[in-house]
Amino acid sequence: MYWIDPEHPDASDHIAKYLSVWLHQYCPQNRPVIFVCIGTPAVIGDCLGPVTGTILSKYLQSNIYGTLEEPVHAVNIKAAIKKIKKQHQKPFIIAIDAALGNSSQTGYILLKEGPLHPGRGVGKRLPPIGHIQISGIFQDIFSAAAANQMTCFSRCISQGILKLYSAL
């Protein structure tokens with residue numbers, strides 16, 4: 001588990017480095033890497049996934065699920081998981097989502113091995129997803145500060161992933 005301050009000058013480099021280590025450790029070369037960017041554009045803090053997915057889709061062109069135009073959220077996540085499993089053989093999934101945390105966690109990006117449990121912080125029971133999870137931690141996804149945090153998180157996460165792909 002890694003906590004990253006997105007305002008640190010090397011934050012995106014750290015994201016690329018940790019993801020690279022995990023991909024080399026757990027993901028054979030012939031296995032597709034899929035990014036599932038979860039959230040709804042209807043809530044400023046919760047659109048971290050779709051904003052990040054939209055940025056990534058401009059550069060990676062494929063294997064991105066969840067954008068501002070076609071979000072993956074509580075209503076359609078089960079269908080999205082089925083679609084991914086149907087279209088990709090043994091996909092290695094990196095899930096990206098907003099999460100709620102306490103005041104000492106707020107403002108950080110969490111990278112963690114294991115599945116992400118979307119909606120858990122707001123009491124929803126949705127299927128877990130992913131082999132690696134990337135979460136931007138908010139104290140309140142509805143606050144005015146959430147917009148600035150979401151922008152900072154999505155920029156840092158997408159830059160880290162794009163640096164990872166340029167290094168591969």
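Here the structure is a predicted model, which is why all the values come from computation and not from measurement. (Residues numbered from 1 in each chain as written. Predicted model: local features only at pLDDT ≥ 70, side-chain atom pairs only at ≥ 80, totals over all residues. Heavy atoms only, no water.)

**Details of the pattern of salt bridges**
- Counted by the stated rule, this structure contains 1 salt bridge.
- Here Lys163 ties to Asp13 by a salt bridge, and the two come within 2.9 Å at their closest N and O atoms. Within this pair, whereas Lys163 is found in helix H4 (residues 144–167), its partner Asp13 is found in helix H1 (residues 11–26), the two being separated by 150 residues in sequence.
- Looking at Lys163, the relative accessible area reads 34%, which means it is partly exposed.
- Here Asp13 falls in the partly exposed class, since its relative accessible area comes to 35%. (Salt bridge = Lys/Arg side-chain N within 4 Å of Asp/Glu carboxyl O. Helix = DSSP H or I, 4+ residues; strand = E, 2+ residues; numbered from the N terminus. Buried < 20%, exposed > 50% of the residue type's maximum accessible area, 1.4 Å probe, protein only.)

**Considerations on the sheet that holds strand S2 (residues 33–37)**
- Spatial ordering of the open sheet is given by S1-S5-S6-S4-S2-S3, a layout of 6 strands whose pairing is mixed. Two strands close off the open sheet at either side, each with one partner strand: strand S1 (2–4) and strand S3 (64–65).
- Bridge count between S2 and S3: 2 bridges; the pairing is parallel. Directly across from Val36, in S3, lies its bridge partner Tyr65. (Pairing = 2+ DSSP bridges.)

**Some details on the packing of aromatic side chains**
- By the definition in use, this model includes 4 aromatic pairs.
- Note on Phe35 and Tyr165: the rings are 6.0 Å apart at their centroids and 55° apart in plane angle, and the pair reads as tilted. One end of the pair, Phe35, is in strand S2; the other, Tyr165, is in helix H4, and 130 residues separate them in sequence.
- A relative accessible area of 0% means that Phe35 is categorised as buried.
- Following the ring pairs from residue to residue traces out a cluster consisting of Tyr2, Tyr18 and Trp22. (Phe/Tyr/Trp six-rings, centres within 6.5 Å; stacked < 30°, edge-to-face > 60°.)

Just geometry here; none of it tells us what the structure is for.
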